[in-house]
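# Close look at the chain arrangement
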Amino acid sequence: NGSKIGYEDASLRIMMETIEVENVLYRVARVEVADASQLRTGLEDPFRAKKSNYLHTIAQDYNAVLAISADQIVRNESGYVIREGKTYRKKYYKSRDILAIDANGDFHIVYKSDKNALNALLENAECPIVNTFNFGPALVAEGQVLEIPSYYTQFNLGRPEPRCAIGQTGPLSYVLVVAEGRSDDSAGATGAQLAAFMAEQGCLTAYNLDGGDTAMMWFGGDYYSAKTKRTQSDIIYIGSAVPAEE
């Protein structure tokens, strides 16, 4: 019927869906990739991580098929930041959980940015950590919904807001979600609602990303979620492994 419901090639399968639960519109992308390297991050300024731009501009620059907001590293001075294998910052934000993604595309949660737990992951030379995120909190672990921890006092997690999350459902399989909010059509999700939703989508591990006006999803050349005027420094995106000439 002309609507964009997905994308498929020899290396990638994406299915798009909008699900309404309790007056919240969730924009959902279910992703299966052939290789872990197709789950990628992109920076507006890959040399210093100090600049911002619109989500669609960054996504187009990286030839993304699908992109969502990440964690706005340009707005924070803390956090242990690794993007595409390059380390940009070595700080520990003890009131935040870290999501670490390894070279196999598997997710690991480091609660409260525990230094010893993170170092154990970083020291695994056979499967290095490729990307880290310092927003959170963790929403799902081992398939179970997590309570919002008391050390998270930011982000209005107890109130309905636009939110963004990513989860792993299995080997090389992921769910990317934006919960719409601040509109008549969608009230927004609390942190607990988002955690429950991610578990219902089959996530074994899920993690909260930057929300509010930052929460956006871009797919196939256009916005799949509501567009805002906020710029951002970094995105999570899915790329095809099929050569451009094919």
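Notes on the structure follow. Remember, predicted model here, so these are calculated numbers, not experimental data.

### Notes on the side chain of Gln168
Topologically, Gln168 is positioned in strand E13 (residues 163-170). Note on Gln168: relative accessible area 7%, which makes it buried. Separated by 2.9 Å, the side chain of Gln168 and the backbone nitrogen of Phe107 make a polar contact. Reaching out from Gln168, the side chain makes a polar contact with the backbone oxygen of Gly170 at a distance of 3.1 Å. Dropping the residues within four chain positions of it, Gln168 is found in contact with Gly105, Asp106, Phe107, Ser173, Tyr174, Gly202, Cys203, Leu204 and Thr205.

### Looking at the packing of aromatic side chains
Counted by the stated rule, this structure contains 7 aromatic pairs. Consider the rings of Tyr26 and Phe197, whose centres lie 3.8 Å apart with planes at 5°: the pair is stacked. Of this pair, Tyr26 sits in strand E3 (residues 24-33) while Phe197 is found in helix H3 (residues 191-200), placing the two residues 171 residues apart along the sequence. Classification of Tyr26 as buried rests on a relative accessible area of 2%.

### Re the pattern of salt bridges
Applying the stated rule across the entire model yields 7 salt bridges. The shortest N-O distance in the salt bridge between Glu17 and Arg30 comes to 3.1 Å. With a gap of 13 residues between them, Glu17 in strand E2 (residues 12-21) and Arg30 in strand E3 connect regions that are remote in the sequence. Judged by its relative accessible area of 26%, Arg30 is partly exposed. A salt bridge links Glu180 to Arg27, with the shortest nitrogen-to-oxygen separation between them at 3.0 Å. Of this pair, Glu180 sits in the loop between strand E14 (173-179) and H3 while Arg27 sits in strand E3, and the two are 153 residues apart along the sequence.

### Brief notes about the pairing of strand E4 (residues 39-43)
Most of E4 is tucked away: 4 of the 5 residues are buried. As judged from the 5 bridges shared by E4 and strand E18 (residues 234-238), these two strands associate in the antiparallel manner. Looking at E18, one finds that Leu43 is bridged to Asp234.

Reading the values: the criteria
- Residues numbered from 1 in each chain as written.
- Predicted model: local features only at pLDDT ≥ 70, side-chain atom pairs only at ≥ 80, totals over all residues.
- Heavy atoms only, no water.
- Helix = DSSP H or I, 4+ residues; strand = E, 2+ residues; numbered from the N terminus.
- Buried < 20%, exposed > 50% of the residue type's maximum accessible area, 1.4 Å probe, protein only.
- Polar contact = N/O pair within 3.5 Å; in protein donor to acceptor, adjacent residues only side chain to side chain.
- Contact = heavy atoms within 4.5 Å.
- Phe/Tyr/Trp six-rings, centres within 6.5 Å; stacked < 30°, edge-to-face > 60°.
- Salt bridge = Lys/Arg side-chain N within 4 Å of Asp/Glu carboxyl O.
- Pairing = 2+ DSSP bridges.

Purely geometric stuff here, so don't read any function into it on its own.
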